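Observations on the model geometry
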Amino acid sequence: MKNMPFFTRDGDTFRPTEVANGPWDPKSLHGRVIIGLLGFAIEERHSGPEFVPARLTVDMFRLPTIDKPIEVTTRLVRDGLRIRVVEAEFLSGGVSMARASCQLLRRTQNPDGNVWSPPNWDVPKPADIPPPTDPRLGMNGKWTTRPIVGHMGSLGPRRLWMSEVRELVSGVPMTPFVHVAAGADFASPFANAGDKGLGYINSDVTIYLHRLPVTNWIGFDVVNHQATEGVAIGECWLYDEQGPIGTATVAALAQRKPMAAPAKK
C-alpha cells in the first residue's frame, strides 16, 4: 500500500483504490481525492503554461463510495484572451456527487507601484523538522506532515507542512496544481477541529492561488474559524518553501442531525 495511487485509470473512467477512503466511513471516498481529481481533469483538459488556475471551488454534496467507477465531465464556459472559466462534475456510478468551477487567468506582468502584503511567515523548513511519530498525522500514509506549531484541535496558532507521498492517478506525476488541490481539503479539519475533536464535515473548498507552488511541501497556517448554529467557516493561508501562494477556505456543517423545522401554523 505504500506506493499505491488513489486512482487507476481506464480510458475516461477512474477507479478508486483501497487507500482513497476517508475518515468518516471506510467505504466512502476522502474529500481530498474528490477535489484532487476534479482539479486533475480541469488542468489536463483546459489549462496550459500561459494560465494560472487562480481559483478552484468544489461543492461536495454527496459522499461517493469507494466501490463505484468515477467519471469527471468538464465544460469550457468561457475561453477569453485573459480569462478562462471551466466547470466540472464528479460522477460516481453515474450519479453526480460533486462539482467544481475553476477560473484560470493568463500570466502577464504586475502593474507599476507597490501594494501592501502581509509578511512571509518565519518558520523552520520541512527538512529541519523531525518526522512525526504519530502515523495518524498523515492518516496512516495517505500524506506526510511536519508539524510547526500547535496540533489538530489545539486552542492557539496551528501551522504545519504537508507533502504528498503517492500519485493521485496511477502513472501520472502529480502536478503542482493537483498537489495543492488534493491537499486543500486539510484546511477543514485543521481550522475547524476543537478541544473535543472534529465535529464538522466540510461541504466545499475554495482555493485561491496567485502562483503555483515550486516545492513539494505545502504550508498551512490557520487564520480563521467561526461557527454559528452548526454552520462553520475555516481558512488557512497557504505557502511553499519560497513564500505565500494563496488561501484555502472551507464551509462546514456540524456532523449531527439538523434541527427540526418549526411546525407550520
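Preceding this paragraph is the structure being described.
Everything quoted here is computed from the prediction, not taken from an experiment.

**Describing the pairing of strand E5 (residues 83-92)**
- Of all 10 residues making up E5, seven are buried, and the element is well covered by its neighbours.
- In this structure, strand E4 (residues 70-79) lies alongside E5, joined through nine bridges in antiparallel fashion. Bridge pairing in E5 places Arg75 opposite Glu87.
- The pairing of E5 with strand E6 (residues 95-106) spans 10 bridges and is classified as antiparallel. By the bridge assignment for E6, Leu91 is matched with Ser96.
- If you look at the hairpin formed by E5 and E6, you'll find two residues sitting between the two strands, and Gly93 has a positive phi there, around 60 degrees.

**Things to note about the pattern of salt bridges**
- Throughout the structure, instances matching the rule amount to seven salt bridges.
- Glu44 serves as the salt-bridge partner of Arg9, at 2.8 Å between the closest nitrogen and oxygen. Separated by 35 residues along the polypeptide, Arg9 in strand E1 (residues 7-10) and Glu44 in helix H1 (residues 31-46) bring together distant segments of the chain.
- Residue Glu44 is classed as partly exposed on the basis of its relative accessible area, which comes to 43%.
- In this structure, the salt-bridge partner of Arg75 is Glu87, at a minimum N-O distance of 2.8 Å. Of this pair, Arg75 sits in strand E4 while Glu87 sits in strand E5, placing them 12 residues apart in sequence.
- For Arg75, a relative accessible area of 48% corresponds to the partly exposed category.

**Looking at the packing of H1 against helix H2 (residues 176-183)**
- Between H1 and H2, the least distance of the axes is 7 Å, while the angle of their chain directions is 155 degrees. When the axis of H1 is compared with that of H2, the two are roughly antiparallel. Where H1 crosses over H2, the handedness of that crossing is right-handed. Two secondary-structure elements touch here, H1 through Arg32, Ile35, Gly36, Gly39, Phe40 and Glu43 and H2 through Phe177, Val178, Ala181, Ala182 and Gly183.
- When its residues are assigned to classes, the contact of H1 with H2 shows six nonpolar, three polar and two charged.

**With respect to H2**
- H2 sits mainly inside the fold: seven of its eight residues count as buried.
- Within H2, burial applies to Phe177, Val178, His179, Val180, Ala181, Ala182 and Gly183.

**Section: the packing of aromatic side chains**
- Within this structure, the stated rule accounts for seven aromatic pairs.
- For the ring pair Trp121 and Tyr239, a centre distance of 4.0 Å and an interplane angle of 10 degrees mean the geometry is stacked. Taken together, the residues span a long stretch of sequence, with Trp121 in the loop between E6 and strand E7 (143-149) and Tyr239 in strand E11 (residues 231-240) at a distance of 118 residues. Just as Trp121 is buried, Tyr239 falls in that class too.
- Against the face of Phe6 rests Arg166, its NZ or CZ located 5.9 Å from the ring centre.

**Observations concerning the pairing of E6**
- In the sheet, strand E3 (residues 51-60) pairs with E6 via nine bridges, with the strands oriented antiparallel. By the bridge assignment for E6, Pro53 is matched with Leu104.

**Focus on H1**
- Compared with the 22 Å implied by 1.5 Å per residue over 16 residues, the 23 Å span of H1 between its first and last C-alpha is a close match.
- For H1, the tally of buried residues reaches 14 of 16 residues, placing the bulk of the element in the interior.

**Quick word on the side chain of Thr57**
- Residue placement: Thr57 occurs in strand E3.
- Overall, Thr57 belongs to the buried group, its relative accessible area being 18%.
- Apart from residues no more than four positions distant in its own chain, Thr57 is found in contact with Arg99, Ala100, Ser101, Val205 and Thr206.

**Comments concerning unusual backbone geometry**
- At Glu229, a residue that is not glycine, the phi angle is positive and equals roughly 55 degrees.
- Here Glu229 falls in the exposed class, since its relative accessible area comes to 80%.

About the criteria used
Residues numbered from 1 in each chain as written. Predicted model: local features only at pLDDT ≥ 70, side-chain atom pairs only at ≥ 80, totals over all residues. Heavy atoms only, no water. Buried < 20%, exposed > 50% of the residue type's maximum accessible area, 1.4 Å probe, protein only. Helix = DSSP H or I, 4+ residues; strand = E, 2+ residues; numbered from the N terminus. Pairing = 2+ DSSP bridges. Salt bridge = Lys/Arg side-chain N within 4 Å of Asp/Glu carboxyl O. Axes fitted to C-alpha atoms, helices over the stretch in contact; angles between N-to-C directions. Parallel < 35°, antiparallel > 145°, perpendicular 65-115°, else oblique. Left-handed = near helix turned anticlockwise from the far one by under 90°. Contact = heavy atoms within 4.5 Å. Nonpolar A, V, L, I, M, F, W, Y, C, P; charged D, E, K, R; others polar. Phe/Tyr/Trp six-rings, centres within 6.5 Å; stacked < 30°, edge-to-face > 60°. Lys NZ or Arg CZ within 6 Å of the ring centre and 35° of its normal. Expected span 1.5 Å × (residues − 1).

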